[in-house]
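Chains, contacts and geometry: an overview
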Amino acid sequence: AQSVTQLDSQVPVFEEAPVELRCNYSSSVSVYLFWYVQYPNQGLQLLLKYLSGSTLVKGINGFEAEFNKSQTSFHLRKPSVHISDTAEYFCAVSEANQGGKLIFGQGTELSVKP
Amino acid sequence: NAGVMQNPRHLVRRRGQEARLRCSPMKGHSHVYWYRQLPEEGLKFMVYLQKENIIDESGMPKERFSAEFPKEGPSILRIQQVVRGDSAAYFCASSPQGLTDTQYFGPGTRLTVL
């Protein structure tokens, strides 16, 4: 069965520093990969997704992620974070034959400090 | 184009009562997904519906929970005889054609069971 592991529950970082949020998944079939952001008391907003093709995916707000099939990882990166990036970040996968339902990781709370 | 709408945003019920959560998908979207977010946990898939049909309900508890997406009107998630463990945030998401289409999330309904 597929599963998603976000290795860090909390990531504190100073403003303008780089950040990496880690995500690993397990699945026996082809997967599609997503990163969502959730601001307090709001729904989720898609940051980026990988379906096929280039393994480096660029998303909104300066975020990017790289799909690594051999390591079954899809880590999210940003070279310089802002205070406004403080939020909860969720990695998710869907399997090719599952109608699009998303399996989410536990989430990583990114806290950007001045 | 209005986003996904959910109402109510907050719902308080006493144990044993019924809870009805509504989700109006984005215009032109005929696929709806429901997810539940328990405190300190990630989102868990519950059910996937297409107009008038339940496609996948593998994440729904076997008892007390039901969902529908009629030809006209919003999708409804119904919880009968609520218990304290049902307290959570319930999110719906819609997409145009399911599968790898981006899912757009509503703001969620926060259910509190007293």
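Residues numbered from 1 in each chain as written. Chains lettered and ligands numbered in written order. Predicted model: local features only at pLDDT ≥ 70, side-chain atom pairs only at ≥ 80, totals over all residues. Heavy atoms only, no water.

**Digging into the overall build of chain B**
Broken down by element type, chain B carries 0 helices and 11 strands. From first element to last, N terminus to C terminus, chain B shows the α and β order β-β-β-β-β-β-β-β-β-β-β. Relative to the globule expectation of 13 Å for 114 residues, the C-alpha radius of gyration of chain B, 13 Å, shows essentially globular dimensions. The dimensions of chain B, computed from C-alpha atoms along their principal axes, are 35 × 25 × 25 Å. Scored against the burial criterion, the 114 residues of chain B give a buried share of 46%. The contacts of chain B with a sequence gap of at least 6 include a subset with a gap of at least 24, amounting to 53%. Summed over its atoms, the accessible surface of chain B is roughly 5800 Å², and 46% of this surface lies on carbon and sulfur atoms. Between the centroid of the 16 positive side chains of chain B and the centroid of its 11 negative side chains there is a distance of 8 Å. (Helix = DSSP H or I, 4+ residues; strand = E, 2+ residues; numbered from the N terminus. Rg over C-alpha atoms; globule rule 2.2 N^0.38 Å. Buried < 20%, exposed > 50% of the residue type's maximum accessible area, 1.4 Å probe, protein only. Contact = heavy atoms within 4.5 Å. Areas by Shrake-Rupley, 256 points an atom, 1.4 Å probe, with all protein chains shown as cover. Lys, Arg positive; Asp, Glu negative; His and termini not counted. Charge placed at Lys NZ, Arg CZ, Asp CG, Glu CD.)

**Structural notes on the pairing of strand S8 (residues 64-68) of chain A**
Residues and elements named next belong to chain A. Alternating positions in S8 separate cleanly, Ala65 and Phe67 being buried on one face and Glu64, Glu66 and Asn68 remaining unburied on the opposite face. One ladder, built from 3 bridges, connects strand S7 (residues 56-58) with S8; its direction is antiparallel. When the bridges of S8 are listed, Lys58 appears paired with Glu64. The turn joining S7 and S8, which pair antiparallel and follow one another in sequence, is formed by 5 residues; a positive phi near 60° is taken by Asn61. With 5 bridges joining them, S8 and strand S9 (residues 73-78) adopt antiparallel strand pairing. Across the sheet, Asn68 pairs through a bridge with Ser73, a residue of S9. Linkage of S8 to S9, two consecutive antiparallel strands, is achieved through a turn of 4 residues, within which Thr72 is found at a positive phi near 45°. (Pairing = 2+ DSSP bridges.)

**A short note on the interface of chain B and chain A**
Facing the 23 residues of chain B at the interface are 19 residues of chain A. Buried area between chain B and chain A, both sides added, is near 1700 Å², and the carbon and sulfur share of it is 52%. For chain B, the biggest contributors to the area lost against chain A are Leu43, Thr100 and Phe105 of chain B; these three give 30% of the whole. Taken together, the connections running from chain B to chain A amount to 1 salt bridge. The partner of Asp56 of chain B in a salt bridge is Lys101 of chain A, and the shortest N-O contact between them spans 3.4 Å. Viewed at the interface, chain A and chain B are joined by 7 residue pairs in polar contact (both at pLDDT 80 or more). Sorting the residues of the side of chain B that touches chain A by element identifies strand S4 (31-37) and strand S5 (43-50) of chain B as the ones contributing at least two each. (Buried area = accessible area lost by both parts, 1.4 Å probe. Salt bridge = Lys/Arg side-chain N within 4 Å of Asp/Glu carboxyl O. Polar contact = N/O pair within 3.5 Å; in protein donor to acceptor, adjacent residues only side chain to side chain.)

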